[in-house]
Amino acid sequence: MRLSIKHATKYTYDAPVSYGLQQVRLTPANSRHQTVHDWTVAVTGGTKELTFEDHYQNQTILVRADKGATEVSVEVSGEVETHTNDGIFGKTYGTAPLWHFRQSTRRTEAGKGIKKLAKTLEKAPNVLDGLHALSQAIIEAVPFGQAVTFSGTTAEEALMAGGGVCQDHTQIFISAARLAGVPARYVSGYLMMNDRIDQDASHAWAEAHIDELGWVGFDVSNGYSPDERYVRIATGLDSRDASPVTGVRMGSASEAMIVSLQIQQ
C-alpha cells in the first residue's frame, strides 16, 4: 500500500526564545516492511544542525531555534510504500541487546495495578496468546479517551485514571510484558485511518519479542496487530525515546503546540 503523509508540528511562544534545541524523529527508514519513495523535512524558525542515527537506529535531526524566535515549525511530507500486514517485524535487531528491552523506565515502572494485569500472561497457554489477552485486558481497563493524560503520564498513572490514549495503552502493555520477562518496546509512527484523512496526532503501538517469531506488534488502542496501513518512524524503551519531537529551551516564554496530519492512500 502506498501512503501519502503530510505532518506539521508548530510551536508558538508568547515571548522570544533565547535558545532552543529539539530532537526530531520524523523520518521513516527503509526496511523489508516499508520503502520510502520520497520524504522531506522543512523547518521554519530554526536551523537543522545535525542528522544522525540514535542508539535505537532512529533517524534523528537536531533543530536549533533561531535566536529570538516566537514560532518554530517542522513539516514533513512524502510517500511510503508498505509491504507487510501480519504484524510481525521479525528477527531484525540493532545494537541494543534483548535484555535492554526488559528494563523498566520511569514512565513504564509497574505498580500494583500493572502487576495485577500482568498475571493475564500467566493464564495463557503460550506467550503469543498471553500477549493478545493482555492487550484486550488493557483496553477494557483503560478505555480510549476516558481520562485526560499528558506526555509525561506514566503507565501506572494512566491505568489508575481508567482511561488514556495510544501512548498510555502502549506503555501499560510494555510494563506488563516486561514484568513477565518478555522484551518489549515502544514504536511511534503513522496509521492510515479508514474513515478519515485528517488526524490530530501520530500513532503509537508496542512490540514484544517472541523467540520463534522475533518482534511482534500489538496496537492495543485498536485491538489488532499492525498491517499495511502502518508506517514505522522510531522505537525505544518508552514514549520519550520514540517521541516525534523532544527538546529543551531557555527563557520564561510559555509554549503552545499545534499539530496537523493528513494520511491517505
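Before reading on, note that the structure itself is shown above.
Computed from a prediction, not measured in an experiment: that's the story for all the values here. (Residues numbered from 1 in each chain as written. Predicted model: local features only at pLDDT ≥ 70, side-chain atom pairs only at ≥ 80, totals over all residues. Heavy atoms only, no water.)

## Considerations on a nonpolar patch on the surface
Side chains of Tyr19, Val248 and Met250 sit close together on the surface and give an oily, nonpolar patch of about 290 Å² of accessible area. Locating tyrosine 19 in the fold gives a position in strand β2 (residues 19-27). (Patch = residues over 30% accessible without salt bridge, like charges linked within 9 Å, V, L, I, M, F, W, Y side chains within 5 Å. Areas by Shrake-Rupley, 256 points an atom, 1.4 Å probe, with all protein chains shown as cover. Salt bridge = Lys/Arg side-chain N within 4 Å of Asp/Glu carboxyl O. Helix = DSSP H or I, 4+ residues; strand = E, 2+ residues; numbered from the N terminus.)

## A few points about helix α2 (residues 127-141)
Three or four residues apart is the spacing at which side chains of an α-helix point the same way, because the helix has 3.6 residues per turn. With 15 residues, α2 extends 21 Å between its outermost C-alpha atoms, agreeing within 8% with the 21 Å of an ideal straight helix rising 1.5 Å per residue. Of all the positions in α2, only Gly130, Leu131, Leu134, Ser135, Ala137, Ile138 and Ile139 are classed as buried. Here the buried face of α2 lies against α1 (112-122), α4 (166-179), β10 (203-210) and β11 (214-218). (Expected span 1.5 Å × (residues − 1). Buried < 20%, exposed > 50% of the residue type's maximum accessible area, 1.4 Å probe, protein only. Contact = heavy atoms within 4.5 Å.)

## Description of the packing of α1 against α4
Contact geometry of α1 with α4 gives a least axis separation of 8 Å together with a crossing angle of 65°. As summarised for this structure, α1 and α4 are arranged roughly perpendicular, according to the angle between their axes. For the element pair α1 and α4, the recorded crossing hand is right-handed. In this structure, α1 contributes Ile114, Lys115, Leu117, Ala118 and Leu121 to the contact, and α4 contributes Ile172, Ser175, Ala176, Ala177 and Leu179. (Axes fitted to C-alpha atoms, helices over the stretch in contact; angles between N-to-C directions. Parallel < 35°, antiparallel > 145°, perpendicular 65-115°, else oblique. Left-handed = near helix turned anticlockwise from the far one by under 90°.)

## Observations concerning the side chain of arginine 178
Of note, arginine 178 is situated in helix α4. Here arginine 178 sits buried without a salt bridge, and the closest side chain of opposite charge, aspartate 238, lies 6.5 Å off (N-O distance). Here the side chain of arginine 178 touches leucine 237 through a polar contact of 2.9 Å, landing on its backbone oxygen. Here arginine 178 is in contact with Phe101, Arg102, Gln103, Ser104, Thr108, Ala184, Arg185 and Leu237, once residues within four sequence places are set aside. (Lys, Arg positive; Asp, Glu negative; His and termini not counted. Polar contact = N/O pair within 3.5 Å; in protein donor to acceptor, adjacent residues only side chain to side chain.)

## Description of the nonpolar core
Trp39, Leu131, Ile172, Phe173 and Tyr190 are the most contacted members of the largest nonpolar core, which totals 57 residues. A per-element tally of this core places α4 first, with six residues. Listed in part, the five residues of the second largest apolar core include Phe89, Phe101, Trp215 and Leu237. (Core = buried A, V, L, I, M, F, W, Y, C linked by side-chain atoms within 4.5 Å.)

## Regarding the sheet that holds strand β1 (residues 2-17)
In a beta sheet, neighbouring strands are held together by backbone hydrogen bonds and run either parallel or antiparallel to one another. Strand order in the open sheet formed by five strands is β3-β6-β1-β14-β9, and the pairing between neighbours is antiparallel. Every other strand in the sheet has two partners, leaving β3 (34-44) and β9 (198-199) as the edge strands with one partner each. With ten bridges connecting them, β1 and strand β14 (residues 255-264) associate as antiparallel partners. Paired with threonine 9 across the two strands is valine 259, which belongs to β14. (Pairing = 2+ DSSP bridges.)

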